[in-house]
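Per-entry structural report
Chain by chain, the residues run as shown.
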Amino acid sequence: MPLPIYSHPSLTVLIDDSDSFLKSVAFQLDPALASKCFADTSSALAWIGAHGEREPGRLAASHDTYPDSKERCNVAFDIDQIHRISFEPQRFMTPSVVVVDYSMPQMDGLELCEALRHLPCKKILFTGVADEKVAVDAFNRGLIDRYIKKSDDGALDKLEAEIVALQAEYFAARSDPLRDLLKLHNHSFLSDPAFSAVVRMVVEQHGIVEHYLYPNPAGILLYDARGRAQLMVVETEAGMNAHYEVGCDNDAPQSFLQAVRERCIVPYFREGDGMYARDFAKNWHRWTAPAQRCRGAQNYYWALFPLAPGELEQPAHPFSSFLSERESTL
């Protein structure tokens, strides 16, 4: 699966007419899979309708048609809006997956999924009643994404695994319409499977729970559960050559030029325009990190730079705080 342009923890909505069953499922799920329960379908529909993302959602490109043509148009996209999602305190309340029972008194699970068809949230039919024909028909009609019987061995483990998988699919689907456009903005690494594998390795090793495409320098903004931020700066051969040429034009020390030429470092000059300037001559080391190379469709050179509080426009509300706040209100 290609790397989503952004991903953050989101909410699983559990809908079942049995209160005790809802509490049991919510209790047994991984605490990191935050959930909200509804025993009443009308309340569930109203809440999801108010909190669910529409199409195209948070991120949208603008189109300007040429005056003399209806076929030609410019497409503009503000890449900054991607990482600014991390400044939204309510982002973790986005319902990405709905788990619904089939047999309920007000409306059955498939009728509820039909009512949610206009929203991009993924849907799991989790039931002890519906047979295989009902499930197959629901799949063919595009009403559900998964089907799990409550009576299956390890049903809750299956449910948890499918929630995780569908949350990933949710953010991948939100990214796909913009992926080709972003290739034109020096973000080709988004569609490279080799680089996607590197990012997933970094996410696992550093306990990252949310990531966002970052515009300048090109890279990925990463947060762990406590809201500690790192920027994964990504350079191509062309980008490294640009750093070298700017360094030469500004009489950079030979040690800096050699390190860039040999691809030993990734520069991230946070002051100014991001490129080398004469003011950095004596302490250029503090603005660089050892380069890691990813061999994909082309060479990518990347490094992680911890971000101190205040370096971003706004602080991000940490996921750990969100979980603590929810626990205190339950």
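Residues numbered from 1 in each chain as written. Predicted model: local features only at pLDDT ≥ 70, side-chain atom pairs only at ≥ 80, totals over all residues. Heavy atoms only, no water.

Now for the overall build of the protein. When helices and strands are counted, the protein shows ten helices and 15 strands. Expressed as lengths along the three principal axes of its C-alpha atoms, the size of the protein is roughly 75 × 55 × 35 Å. Burial status across the protein gives 46% buried among its 330 residues. Carbon and sulfur atoms make up 50% of the accessible area of the protein, which amounts to about 16300 Å² in all. Side-chain charges of the protein comprise 32 positive and 46 negative groups, with the mean position of each set lying 2 Å from the other. (Helix = DSSP H or I, 4+ residues; strand = E, 2+ residues; numbered from the N terminus. Buried < 20%, exposed > 50% of the residue type's maximum accessible area, 1.4 Å probe, protein only. Areas by Shrake-Rupley, 256 points an atom, 1.4 Å probe, with all protein chains shown as cover. Lys, Arg positive; Asp, Glu negative; His and termini not counted. Charge placed at Lys NZ, Arg CZ, Asp CG, Glu CD.)

Further remarks concern empty space enclosed by the protein. Counting across every chain of the model gives one cavity of 30 Å³ or more. Empty space within the largest cavity amounts to approximately 60 Å³. In terms of lining, the largest cavity is formed by L14, I15, D16, F21, L22, V25, V99, V100, D101 and F126. Of all the elements, helix α1 (residues 19-28) adds the most residues to the lining of the largest cavity, at three residues. Of the residues assigned to the lining of the largest cavity, the class counts are eight nonpolar, no polar and two charged. (1 Å grid on protein atoms, 1.4 Å probe; cavity = no way out; pocket = protein on both sides within 12 Å on 5 of 7 lines; lining within 4 Å. Points joined across faces, edges and corners; volume = space filled by probe spheres on them. Nonpolar A, V, L, I, M, F, W, Y, C, P; charged D, E, K, R; others polar.)

Moving on to the UniProt feature "modified residue: 4-aspartylphosphate" (unreviewed entry) in the protein. UniProt tags D101 as "modified residue: 4-aspartylphosphate" (unreviewed entry). Secondary-structure assignment places D101 in the loop between β6 (95-100) and α4 (109-115). In this view, D101 contacts I15, D16, D17, G109, L125, F126, T127, G128 and K150; residues no more than four positions away in its chain are not counted. (UniProt positions renumbered as here; feature names shortened; annotations may be inferred. Contact = heavy atoms within 4.5 Å.)

Before going further, it helps to examine the side chain of E235. For E235, the location among the structural elements is in strand β11 (residues 229-236). No salt bridge is formed by the buried E235; the nearest opposite charge belongs to R263, separated by 9.3 Å. At a separation of 3.0 Å, a polar atom in the side chain of E235 contacts the side chain of H243. Residues contacting E235, with those up to four places away along its chain left out, are M240, H243, V266, N299, Y300 and Y301. (Salt bridge = Lys/Arg side-chain N within 4 Å of Asp/Glu carboxyl O. Polar contact = N/O pair within 3.5 Å; in protein donor to acceptor, adjacent residues only side chain to side chain.)

Among the nonpolar cores identified, the biggest contains 57 residues, and F189, F195, L221, M232 and F256 are the most heavily contacted of them. Those elements that provide at least two residues to this core are α6 (155-183), α7 (193-205), β9 (208-214), β10 (219-224), β11, α9 (254-261), β12 (265-267) and β15 (299-307). Examining the composition of this core, we find that six residues originate from one element, β15, more than from any other. Setting aside residues up to four positions removed in sequence, L221 forms contacts with H83, S86, E210, H211, Y212, Y214, A229, Q230, L231, L307 and L312. By size, the runner-up hydrophobic cluster in this structure holds 28 residues, among which are L11, W47, L116 and Y147. (Core = buried A, V, L, I, M, F, W, Y, C linked by side-chain atoms within 4.5 Å.)

Here we take up the pattern of salt bridges. In total, this model carries 17 salt bridges according to the counting rule given. In this structure, the salt-bridge partner of R91 is E210, at a minimum N-O distance of 2.9 Å. Taken together, the residues span a long stretch of sequence, with R91 in the loop between α3 (80-83) and β6 and E210 in strand β9 at a distance of 119 residues. The exposure class of E210 is buried, given its relative accessible area of 1%. Here R146 makes a salt bridge to E169, at a shortest N to O gap of 2.9 Å. Here R146, found in strand β8 (residues 146-149), pairs with E169, found in helix α6; they are 23 residues apart in sequence, far enough to count as distant. Accessibility expressed as a relative area gives 25% for E169, which makes it partly exposed. Look at the salt bridges and you will find they share partners, linking D78, D80, R84 and E313 into a network.

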